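Spelled out from the first residue to the last, the chains are:
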Amino acid sequence: MLGLCPRGPAELDGIEWLGNAAMVTFRDSDGVTDSRMMFAAELSALRVLDGVRQHPLDAPYDAFALAAEALRLAHAPDIDPYQAVNAAAVEPLPHQLRAVYQHMLPTRPLRFLLADDPGAGKTVMAGLYLKEALARGWVRRVLIVAPGGLVEQWQEELRYKLGLTFALHEPGTTTAENPFVEQPCLIVRLDQVARNKPLRRALRAAPYDLAIVDEAHKMSARYWSGDILKSRRYELGELLRDTCRGMLLMTATPHNGKDPEFHLLLGLLGGTTVRDYLARDPNGAEPPAFMRRLLKEQLVHADGSPLFPPRRAETVGYQLSARERALYEAVSEYVRHEMNKVTGEETRRTVGFALTVLQRRLASSPEAILRSLTRRRDRLREQAGQVRQQEALLGAQLRASLQALDSDIATLDQDEVPHSAVESVEDAASWTATASRTPAELETEALVLDQLVIQARDIRDAGIDRKWEALAGLLLSPAMVDQDGQRRKIIIFTEHRDTLDYLSERLSALPGPVLGVERIHGGSSRGDRRLAQLRFAESPYASVLLATDAAGEGVNLQVAHLMVNYDIPWNPNRLEQRFGRIHRIGQRHTCQLWNLVATDTREGDVFTTLLEKLERQRAALGDQVFDVLGDVLSGAELRDLLTDVGADRASRAERFLERKLGTELADAVSRRAAPVGELTAADLAAVRRELALSRAAALTPDITGAFVGAAMEALHGDLRQLPGGRWRVGHVPREVREQPTVAAGAVRARYEAVTFSPRAQAGSVSGAAELVAPGHPLLTALVGVVGNRHGEALRRGVVLMDDRSTTPYLLAAYEAPGHDATTTRLHTVAVAADGAVTTADPAGFTSLAVAEVGQPLPPAAEVDALLAAATRQVGAAEPPVAVAYVQGGAREPADRQATLTRLRAAWSEAPVWEGPPFAGWDLCREDHQGLTFATVANPDEAGRCSLRRCEVIASRNLAGQHWWVTGDGGVPRWASASDLPVPAPGHQLSAILDWRAATGLLPGPVTD
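Residues numbered from 1 in each chain as written. Predicted model: local features only at pLDDT ≥ 70, side-chain atom pairs only at ≥ 80, totals over all residues. Heavy atoms only, no water.

Within an unreviewed UniProt entry, the label attached to the protein chain reads Helicase, and the organism entered is Pilimelia columellifera subsp. columellifera.

Dropping the structure here:
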């Protein structure tokens, strides 16, 4: 008998009348005896079952509806294929969607190298993949490894753009024996772990499901005399590869011009696919499926317009003054003389490196070379004085010093280490590395340096600097001022801290309005770098940013579009990394780069030739030549050209660069462009269509917010509304925190502020609301608990009523096997009385009214026949997980179908789609402006529009793309939501945005 027990059917044991009421005793389906007081009206509504039903259709609607929403959220990716996009505060671009949804998500486990050009939004791609993987339950524990200067940026972008909360590992902030155990979603600094053996042991003991490595090219290894020399960073990469199920490497410069080292980087991905590729195609002619590398020039907006503006590079040549020229020749002669004294490979490498540093600082600024020469002289004289009494020990001491430096230099690759570390090694080498072996030799060398120091100081004190004059002329030119008379923002890159200090001083004395100068260098703390970046971006008075290559990676500076290479880097990859700071997503202006070159020096000859050939190729092949320069010309090759002192060095450089920047550069551009191809107009139209259809089905924010509120109430949690679309979770029940579907410790006991709207989350300030969307641990745990508690209500089913149908039908949802044994997919169908089966949206379970109390149940045979038809059509091996029998009760005017027919005819000149049952829209039209959605909302006899919950939510999701259509005699008439007659309170739960609002479990509907 139905109606005795709220938990389902029960057997009547006895009735004892007490006036107008009776004490009824019964036994439920588990054999538990219970009793309750019932009045005559309740007794008359009791229904006797006509036999045992597989789906008795007697579940309490509250439990059924809550479980139905949990079922939808558990299968969010099936309902909304771009659910991560709709739950993020980003407008994804076509190339980002293609990377995530066509390349990365179909690959399980993920072993992938994402190597798009700088500024293409790789962090957004990683975040979207993460949201999808978390929502699908593929990963629970995620570790992000990034250079130290980028970890806060990662944390903020994931939180405020993607709604993902990651902890940042800080030494000394935890007392846990293993810090990796307690943090399922963690960001760590690359060197912090790579150089710390206890941390590496702890990481091995607590592996993660997925590791994401930013600037992965820093995990370097190289071949040396037949052996592989592995950096500590590379060894960390091997540890992650061997302990994590998934591995995502991200870098804009995977190739340094050396195929063997590139293959070593690919080896960090692991997996049989990578090993098979390297064995099959060792020369890399075939583009691997586990790597995506796009040129900036291939990237477009959704409308097909180029994503990046053009970029131009111009050489600003200058000639040294007579005194500068004399110093240049004197230092060059000193370098040649010292190199000729060197014997032995180890000594040659170390001393050669030190003297090369002097050459670069000579080209940088008078201040840089003066300080370097002074330090070197003072240090050599100090060494001579210390050992003058112990001459026999001098050779051994100098050799030991050289061996220590050689160890640093041998493992030093300027692509792989922070700029501050490069400067430290360069300083140490330039001060101490020498071929002198006796106090007399040291003193003789120091006397030579005395003369060089005098020359350099005279030039510095006299203010003679043709290079500075070239920069000053550029800064005072009309190009530096916009149409409103405001100074344009410009970034000036230098190689050396000494030069940065020197430029800062000279800029302060530049004629005209005072320049606001910000500084970023290797000695800046992370906090100072971030503040300088923020001031430069936001202050109208900060017009110049002076930076060393500490700002060359991972820093977003597209607020400026002008840049100067005051010092041209001796590594081609650095050129693109610097350019990439301003040539990024969001840049609206043509990017202009000026390279300062001394045309009357040997190094200037090489740079002039290189830049001229690069510009000719840019004119012929396009801006993508900047992207591939590092693929064909390595830093070592360029250094060899710049330090070549042979008689025919100019002709050798010309021939070498002609080959490298001729056919090899053209071939590299062709190889990079070929594997991906351009997005056609049809491709872009398909992307726009898919995004719009996905947005109509989005579960965030309304469905997610309503479910969390109802679930927290049902589970006796504490959820309270705050201003600004935020909520405080004061208490999360233990049952939720200990739900096994999430990683241990992932669900906290309380949340100071959460939100269900990505827009509200993105606009919050630091420490504010945390976005709860599919994949968030709290939501995942609530879905699991509700499913466990009320999943039986879905199986038992309910009876609903559809006032737009004249005949009954059945809604049934099935879980079918997914990609692998650990996942399932949701398939929902509507079965008509004649057995016709149509795919439907599971929103129907909570978008229809509950049947009136006392209505007779449909015959079991009828329900079973409809279920059999659904099961055959779906091909399901298991019974449905949710069932609802829907009674027909059409009271709506007959002209609804006439309105739809006339609307189809009016739209007949463009492609039109019909929405599946309960999609929330009836028709969709596509034209050159995009998609327009329409929902027919004809008034009933009382003049009220019966709106379904799914329709109201779809309208909110689609915003300006959705229209309501009413009909007068079948003639379509457009209307906005405010034009529709408001349903009477309680007129149909489907007319209420939040089905929980009517029961008082939430203060009201969730809003953005």
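> Describe the sheet that holds strand β11 (residues 246-250), listing the residues and the values that go with them.
Strand order in the open sheet formed by 7 strands is β6-β7-β5-β8-β11-β4-β12, and the pairing between neighbours is parallel. Single-partner strands in this sheet number two, and they are β6 (167-168) and β12 (291-292). Here 4 bridges tie strand β5 (residues 142-146) to strand β8 (residues 210-214), and the two strands are oriented parallel to one another. Of the residues in β8, the one forming a bridge with L143 is A211. The strands touched by helix α7 (residues 151-160) are β5, β6, β7 (185-189), β8 and β11; relative to β7, the strand with the most contacts, the crossing angle is about 155°. (Pairing = 2+ DSSP bridges. Helix = DSSP H or I, 4+ residues; strand = E, 2+ residues; numbered from the N terminus. Contact = heavy atoms within 4.5 Å. Axes fitted to C-alpha atoms, helices over the stretch in contact; angles between N-to-C directions.)

> I'd like to hear about the sheet that holds strand β14 (residues 490-493), residue by residue, with values.
Strand order in the open sheet made by the 6 strands is β13-β18-β17-β14-β16-β15, with parallel pairing throughout. Both edges of this open sheet fall to β13 (311-318) and β15 (516-520), since each of them pairs with a single strand only. In this sheet, neighbouring strand axes are inclined to one another by 20° on average, regardless of whether the strands run parallel or antiparallel. In the sheet, β13 pairs with strand β18 (residues 591-598) via 8 bridges, with the strands oriented parallel.

> Please give an account of helix α10 (residues 232-243) that cites residues and values.
Along its 12 residues, α10 runs 17 Å from first to last C-alpha, staying within 8% of the 16 Å computed at 1.5 Å per residue. Among the 12 residues that make up α10, 9 are buried, leaving the element largely enclosed by the rest of the structure. (Expected span 1.5 Å × (residues − 1). Buried < 20%, exposed > 50% of the residue type's maximum accessible area, 1.4 Å probe, protein only.)

> Provide a residue-level description of the packing of aromatic side chains, including the pertinent values.
Enumeration according to the criterion identifies 6 aromatic pairs in this entry. With a centroid separation of 6.2 Å and an interplanar angle of 55°, the aromatic rings of W727 and F756 are classed as tilted. Of this pair, W727 sits in strand β20 (residues 726-731) while F756 sits in the loop between β21 (751-755) and α30 (758-762), and the two are 29 residues apart along the sequence. This pair shows no difference in class: W727 is buried, exactly as F756 is. Its end group placed over the ring of Y208, R141 keeps NZ or CZ at 4.0 Å from the ring centre. Between the NZ or CZ atom of K467 and the centre of the ring of Y566, over which it lies, the distance is 4.4 Å. (Phe/Tyr/Trp six-rings, centres within 6.5 Å; stacked < 30°, edge-to-face > 60°. Lys NZ or Arg CZ within 6 Å of the ring centre and 35° of its normal.)

> Talk me through unusual backbone geometry; I want residue IDs and the actual numbers.
Here the amide bond leading from R108 into P109 is cis, since omega sits at -10°, within 30 degrees of zero. Positionally, P109 belongs in the loop between α5 (94-104) and β4 (111-114). In this chain, T700 is followed by P701 through a cis amide linkage whose omega measures 10°. Structurally, P701 can be placed in the loop between α27 (681-696) and α28 (702-714). Residue E215 is not a glycine yet carries a positive backbone phi of 50°. Mapped onto the fold, E215 is located in the loop between β8 and β9 (221-224). Notably, F918 is not glycine yet its phi reads approximately 70°, a positive angle.

> Could you give me a rundown of the pattern of salt bridges, with the residues and numbers involved?
Using the criterion set out here, one finds 62 salt bridges in the structure. Between R371 and E367 there is a salt bridge whose closest N-O contact spans 2.6 Å. Of this pair, R371 and E367 both sit in helix α15 (residues 366-387), separated by 4 residues, roughly a single helical turn. In this structure, the salt-bridge partner of E752 is R750, at a minimum N-O distance of 2.9 Å. Exposure remark for E752: the relative accessible area of 47% places this residue in the partly exposed category. R750 gets classed as partly exposed once you look at its relative accessible area, which sits at 41%. (Salt bridge = Lys/Arg side-chain N within 4 Å of Asp/Glu carboxyl O.)

> Any chance you could break down the packing of α5 against helix α6 (residues 122-136) for me, citing the residues and the numbers?
At their nearest, the axes of α5 and α6 sit 9 Å apart, and the two run at 40° to each other. By the angle between their axes, α5 is oblique relative to α6. Where α5 crosses over α6, the handedness of that crossing is right-handed. From α5, H95, Q96, A99, V100, Y101 and M104 reach across to α6, where they touch V124, M125, L128, Y129 and E132. Considered class by class, the residues forming the contact of α5 with α6 number 8 nonpolar, 2 polar and 1 charged. (Parallel < 35°, antiparallel > 145°, perpendicular 65-115°, else oblique. Left-handed = near helix turned anticlockwise from the far one by under 90°. Nonpolar A, V, L, I, M, F, W, Y, C, P; charged D, E, K, R; others polar.)

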